[in-house]
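# Coordinate inspection notes
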Amino acid sequence: MNGDGAVTPISACIIAFNEADRIGECIASLAFCDEVVVVDSYSSDATVQIATDLGARVLQRPFDGFRSQKQFAIEQATHDWVLCLDADERVGDALRTAIETERARGFAQAAGYRFARLSEYFGKFLRHGNAYPDRVLRLFDRRRGGWRGKREVHEAASVDGPVRTLAGDLIHYPYRSLEQQLHKTQRYARMMAEHDFARGKRATLAKLVLSPAWRFWRGYVFRGGFLDGWNGLVYAYVRANYVRQKTIMLWLLQNGRPITTSEP
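These remarks concern the structure in this document.

A few words on the nonpolar core. In terms of nonpolar packing, the biggest core is built from 30 residues, with Ile14, Leu30, Leu83, Val91, Ile99 and Leu139 touching the most fellow members. Broken down by secondary-structure element, the contributors of at least two residues to this core are β1 (10–16), α1 (23–28), β2 (35–40), β4 (81–86), α4 (93–104), β6 (112–120), β8 (136–141) and β11 (163–172). Ranked by the residues each element gives to this core, the list is headed by β1, at 4 residues. Setting aside its immediate chain neighbours within four residues, isoleucine 99 contacts Ile10, Phe32, Leu83, Val91, Phe107, Leu139 and Leu166. In this structure, Ile74, Ala77, Ala157 and Leu253 belong to the second largest nonpolar core, which totals 28 residues.

Moving on: the pattern of salt bridges. Enumeration over the complete set of coordinates arrives at 23 salt bridges. Between arginine 142 and aspartate 80 there is a salt bridge, with the nearest N and O atoms lying 2.9 Å from each other. With arginine 142 in the loop between β8 and β9 (145–146) and aspartate 80 in the loop between α3 (66–76) and β4, the pair connects residues that are 62 residues apart, well separated along the chain. On the accessibility criterion, arginine 142 (22% relative accessible area) is partly exposed. Classification of aspartate 80 as partly exposed rests on a relative accessible area of 25%. Via salt bridges that share partners, Asp80, Asp141, Arg142, Arg143 and Arg144 belong to a single interconnected network.

Contact geometry for helix α6 (residues 205–222) and helix α7 (residues 229–254): axes closest at 8 Å, N-to-C directions at 155°. The orientation of α6 relative to α7 falls into the category roughly antiparallel. Seen along the crossing, α6 lies across α7 with a hand that is right-handed. Along its contact with α6, which presents Lys207, Leu208, Ser211, Pro212, Arg215, Phe216 and Tyr220, the element α7 presents Gly232, Leu233, Ala236, Tyr237, Arg239, Ala240, Tyr242, Val243, Arg244, Thr247 and Ile248.

We now examine the packing of helix α5 (residues 178–198) against α7. Where α5 contacts α7, the axes come no closer than 8 Å and their chain directions differ by 40°. What the angle tells us is that α5 and α7 run oblique. Between α5 and α7 lies a crossing of right-handed hand. Among the residues forming the contact of α5 with α7, the class breakdown is 12 nonpolar, 5 polar and 5 charged.

On to a nonpolar patch on the surface. On the surface, a cluster of nonpolar side chains totalling about 470 Å² of accessible area is made up of Trp214, Trp217, Val221 and Phe222. If you trace the backbone, valine 221 turns up in helix α6.

For alanine 46, the position within the fold is in the loop between β2 and α2 (47–53). Linking alanine 46 and aspartate 21, residues 25 residues apart in sequence, is a C-alpha distance of 8.7 Å.

Further remarks concern the environment of arginine 105. Assignment of secondary structure puts arginine 105 in the loop between α4 and β6. According to the relative accessible area criterion, arginine 105 is partly exposed, its value standing at 44%. Among the polar contacts listed, one links the side chain of arginine 105 to the side chain of glutamate 102, at a separation of 2.8 Å.

Residues Arg151, Arg199, Lys201 and Lys207 make up a contiguous surface patch of positive charge. Summarising the element assignment, arginine 151 is placed in the loop between β9 and β10 (158–159). Note on arginine 151: relative accessible area 35%, which makes it partly exposed.

Now for the packing of aromatic side chains. Using the criterion set out here, one finds 14 aromatic pairs in the structure. Ring centres 5.9 Å apart and planes at 40° place the aromatic pair tryptophan 214 and phenylalanine 222 in the tilted group. Given a relative accessible area of 49%, tryptophan 214 falls into the partly exposed group. By relative accessible area, phenylalanine 222 is classed as exposed at 60%. Ring geometry for tyrosine 220 and phenylalanine 226: centres 6.3 Å apart, planes at 75°, overall edge-to-face. Its relative accessible area of 18% is what places tyrosine 220 among the buried residues. One aromatic cluster is present, built from ring pairs that chain together Phe216, Trp217, Tyr220, Phe226 and Tyr237. Across the ring face of tyrosine 242, the terminal group of arginine 239 is positioned such that the distance to the ring centre comes to 4.8 Å.

Here arginine 218 lies in helix α6. In the structure, arginine 218 is positioned 89 residues away from glycine 129 in sequence and 7.7 Å away in space, judged by C-alpha atoms. Residues contacting arginine 218, with those up to four places away along its chain left out, are Asn130 and Arg223.

Calculation notes
Residues numbered from 1 in each chain as written. Predicted model: local features only at pLDDT ≥ 70, side-chain atom pairs only at ≥ 80, totals over all residues. Heavy atoms only, no water. Core = buried A, V, L, I, M, F, W, Y, C linked by side-chain atoms within 4.5 Å. Buried < 20%, exposed > 50% of the residue type's maximum accessible area, 1.4 Å probe, protein only. Helix = DSSP H or I, 4+ residues; strand = E, 2+ residues; numbered from the N terminus. Contact = heavy atoms within 4.5 Å. Salt bridge = Lys/Arg side-chain N within 4 Å of Asp/Glu carboxyl O. Axes fitted to C-alpha atoms, helices over the stretch in contact; angles between N-to-C directions. Parallel < 35°, antiparallel > 145°, perpendicular 65-115°, else oblique. Left-handed = near helix turned anticlockwise from the far one by under 90°. Nonpolar A, V, L, I, M, F, W, Y, C, P; charged D, E, K, R; others polar. Patch = residues over 30% accessible without salt bridge, like charges linked within 9 Å, V, L, I, M, F, W, Y side chains within 5 Å. Areas by Shrake-Rupley, 256 points an atom, 1.4 Å probe, with all protein chains shown as cover. Polar contact = N/O pair within 3.5 Å; in protein donor to acceptor, adjacent residues only side chain to side chain. Lys, Arg positive; Asp, Glu negative; His and termini not counted. Charge placed at Lys NZ, Arg CZ, Asp CG, Glu CD. Phe/Tyr/Trp six-rings, centres within 6.5 Å; stacked < 30°, edge-to-face > 60°. Lys NZ or Arg CZ within 6 Å of the ring centre and 35° of its normal.

Take a look at the structure:
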């Protein structure tokens with residue numbers, strides 16, 4: 001509760017694009033919030049209609065980066081305490097309980113809260129390796145923080161003040177298929193290579209050889225990714241390949257070579 005005894009309101013903020021098959025469950029998991037704001041990047045499917053029918057306030061904005069889109073979303077919220085989700089995420093029951101417990105205390109102990117993200121990967125939740133606990137800061141007082149910085153991919157929120165970790169998981173359904181994952185990781189690799197190049201970073205032969213190998217062994221062996229069986233092995237290989245792609249794209253950029261082609 002806040003100073004006058006009222007329960008502190010929460011605005012849930014979601015960014016989405018063509019998420020008709022997932023946006024409904026995401027919004028349903030946010031029933032304890034006082035409003036849901038969806039910033040849509042002009043979806044061509046039923047995302048907007050589904051979100052509207054479920055009571056969300058939907059705004060449309062051209063996509064110019066994940067960080068920018070999320071910062072825009074929290075700026076449109078009615079309340080200062082914001083809970084930020086992607087459309088492929090849901091608040092798990094234990095996490096909801098933890099959030100409501102902190103809300104009953106008026107969020108007095110922190111400027112923001114982080115919690116684990118549990119990802120489903122082709123029929124199995126990954127509980128080891130680089131995939132878990134993957135803690136993310138998603139609940140915070142926007143007056144003391146937000147989606148800051150210049151990096152538009154692998155963006156992260158930050159706050160000025162203490163951050164506490166809550167029990168429970170943010171349930172994540174990141175990929176519809178392996179093809180989608182490969183396409184998504186290649187896009188992220190390009191965005192990160194462009195970001196690193198702009199900051200003056202450069203690729204080396206040692207990075208190309210060693211960085212992907214370290215990503216694989218760190219996650220699969222040292223952090224126990226092998227305990228997730230085949231799913232953990234495939235995940236570790238694909239994530240290592242992401243590092244390889246990013247390094248190759250950075251090398252191309254620093255040598256003035258194109259990394260994309262325009263369609264004829």
